[in-house]
Amino acid sequence: MGGLPCACDNHIRPQIDFIGANIKVFLFERGLNRVYRWIDNVTDTPEVLSPLDRNESRKFDIEISSKTEAKIRDLYESDYSLISTLKNMPGDYQEIDIDSRKFSGNASRNCERMA
């Protein structure tokens, strides 16, 4: 990737680059309440309910060429693979050890990283 990983203050960097040993990954699609519940459990603090500020932007379509789409898919191929694997795993979060290439959900299920 050359100098790309740090480009734009890491805003376009593949997320898998931020995952190291013993990292817990929460899927945004499963909601933030699972994250809050985990934090409360780890910190041994009571649950605090507070509404999230929903600052939604207007939705609009973006058209890109098939060549650009292919470059994007290539750059984020490992991210797509990881997300696909995690979506098929049960639990509130998944514990990841990228070095051993194994993912395990908090429901004690293991699977090999899709390459």
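Relevant structure appears above.
Quick caveat: nothing in here was measured; it's all calculated off a predicted structure.

Participant: Is there a simple way to think about the pattern of salt bridges in this case?
Facilitator: Note that side chains of opposite charge can pair when their charged atoms are close. Within the structure shown, the criterion is met by five salt bridges. Notably, a salt bridge pairs Arg13 with Asp17, separated by 3.1 Å at the nearest N-O pair. Arg73 serves as the salt-bridge partner of Glu69, at 3.3 Å between the closest nitrogen and oxygen. Of this pair, Glu69 and Arg73 both sit in helix α2 (residues 66-75), separated by four residues, roughly a single helical turn.

Participant: Quick question: what am I supposed to make of unusual backbone geometry here?
Facilitator: With glycine set apart, most residues show a phi of negative sign, and most peptide bonds adopt trans. Positive phi values are uncommon outside glycine, yet Asn10 reaches one of about 70 degrees. For Asn10, a relative accessible area of 25% gives the class partly exposed. With a phi close to 55 degrees, Asp44 is a non-glycine residue in the positive phi region. Mapped onto the elements of the fold, Asp44 is located in the loop between α1 (33-43) and α2.

Participant: In this structure, what is going on with the packing of aromatic side chains? I would like to understand it.
Facilitator: Two numbers describe a pair of aromatic rings. These are the distance of the centres and the angle of the planes. Considering all chains together, one arrives at three aromatic pairs under this definition. Relative to Tyr93, the ring of Trp38 has its centre 6.4 Å away and its plane inclined at 70 degrees; by these criteria the two rings are edge-to-face. Taken together, the positions of Trp38 in helix α1 and Tyr93 in the loop between α3 (77-87) and β2 (94-97) put the pair 55 residues apart, joining distant regions of the chain. Judged by its relative accessible area of 27%, Trp38 falls in the partly exposed class. It is Arg13 that lies over the ring of Phe18; its NZ or CZ is 5.3 Å from the centre.

What counts and what doesn't
- Residues numbered from 1 in each chain as written.
- Predicted model: local features only at pLDDT ≥ 70, side-chain atom pairs only at ≥ 80, totals over all residues.
- Heavy atoms only, no water.
- Salt bridge = Lys/Arg side-chain N within 4 Å of Asp/Glu carboxyl O.
- Helix = DSSP H or I, 4+ residues; strand = E, 2+ residues; numbered from the N terminus.
- Buried < 20%, exposed > 50% of the residue type's maximum accessible area, 1.4 Å probe, protein only.
- Phe/Tyr/Trp six-rings, centres within 6.5 Å; stacked < 30°, edge-to-face > 60°.
- Lys NZ or Arg CZ within 6 Å of the ring centre and 35° of its normal.

By themselves these figures say nothing about function.
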